[in-house]
Amino acid sequence: MALDLEAKKVLLRKIPHGLFICGVSEGGEVNGFTASWVTQGSFEPPLVVMAVRREGSSHGIIERTKLFSLNFLRADQKDLAAVFFKPQKALGGRFEAAPFVLGEFGLPLLEDCIGGIECGLVDQVSVGDHTVFVAAVVSASIQKDCEALDLASTGWSYGG
Ligand SMILES: Cc1cc2nc3c(=O)[nH]c(=O)nc-3n(C[C@H](O)[C@H](O)[C@H](O)COP(=O)(O)O)c2cc1C
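On a predicted model such as this, the values are computed, not experimentally measured, just so you know.

Caption draft 1: Layout of the pairing of strand β1 (residues 20-26). Of all seven residues in β1, six are buried, a share of seventy percent or more. Direction of pairing for β1 relative to strand β2 (residues 29-35): antiparallel, over a ladder of seven bridges. If you follow Gly23 over to β2, its bridge partner there is Gly32. In this antiparallel pair of consecutive strands, β1 and β2, the connection spans two residues, and Gly27 shows a positive phi of 55°. Bridging between β1 and strand β5 (residues 67-72) involves four bridges; their strand directions are antiparallel.

Caption draft 2: Representation of the nonpolar core in the model. Ranked by size, the top nonpolar core spans 18 residues in total, and within it Cys22, Val48, Met50, Ile62, Phe68 and Leu70 carry the most contacts. Breaking this core down by element, the ones donating at least two residues are β1, β2, β4 (47-53), α2 (57-65), β5, β8 (115-125) and β9 (130-142). Not counting residues up to four positions away in its chain, the partners in contact with Met50 are Cys22, Phe33, Ala35, Trp37, Val38, Ile62, Phe68, Leu70, Thr131, Val132 and Phe133. Judged by nonpolar contacts, the second largest core, of 13 residues, contains Leu19, Ile21, Leu80 and Ala81.

Caption draft 3: Layout of the sheet that holds β4. If you walk across this open sheet you meet the seven strands as β2-β1-β5-β8-β9-β4-β3, and the pairing is antiparallel. In the strand order of this sheet, the two ends are held by β2 and β3 (38-42), each with one partner. Mean inter-strand twist for the sheet, computed between neighbouring axes without regard to direction, equals 35°. With four bridges connecting them, β3 and β4 associate as antiparallel partners. Counted as the bridge partner of Val38 is Met50 from β4. Against the sheet, α2 engages β1, β2, β4, β5, β8 and β9, with an angle of about 60° to β1.

So, how was this worked out
Residues numbered from 1 in each chain as written. Predicted model: local features only at pLDDT ≥ 70, side-chain atom pairs only at ≥ 80, totals over all residues. Heavy atoms only, no water. Buried < 20%, exposed > 50% of the residue type's maximum accessible area, 1.4 Å probe, protein only. Helix = DSSP H or I, 4+ residues; strand = E, 2+ residues; numbered from the N terminus. Pairing = 2+ DSSP bridges. Core = buried A, V, L, I, M, F, W, Y, C linked by side-chain atoms within 4.5 Å. Contact = heavy atoms within 4.5 Å. Axes fitted to C-alpha atoms, helices over the stretch in contact; angles between N-to-C directions.

Here it is in structure tokens:
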């Protein structure tokens, strides 16, 4: 029987998602984009799993550098999440809206958000239009522990 595309869409959109700013860095340049396809993958070692669009500018940077950061947005930072999925004039331009520092592993960590982690790639699955990256959490810093932004609260959808 053929896959019921409408049912697939309705059901997959019910998977709860957070909203994060993924940061990357290569050759002194940084970039960042909004990511929602993020989850945990293991207690020990602590792993995260993130799916990244193959066509995006950050995809190749993650493959080459084997590093990325994840910045955890507060519930009131929807506007910032929007900045980081819109087209930008030049690589890294979105960070004009959001000051950052470089973390211990050289990755962009936003100065104003809940906190951020830096992650080192351990494996990847490259089958579909997104690559599933599996990465170990190698640093973590918190600025202010509070309610996080989630996809459902924004009215946006990604995938399904
Ligand atoms: C709500 C929402 C969630 C998104 N989640 C992801 C995601 O999990 N992975 C991804 O690769 N792109 C995701 N995107 C798309 C990227 O943010 C977008 O393609 C961005 O322009 C990529 O930037 P880059 O080409 O500079 O890397 C999402 C977009 C929106 C609107």
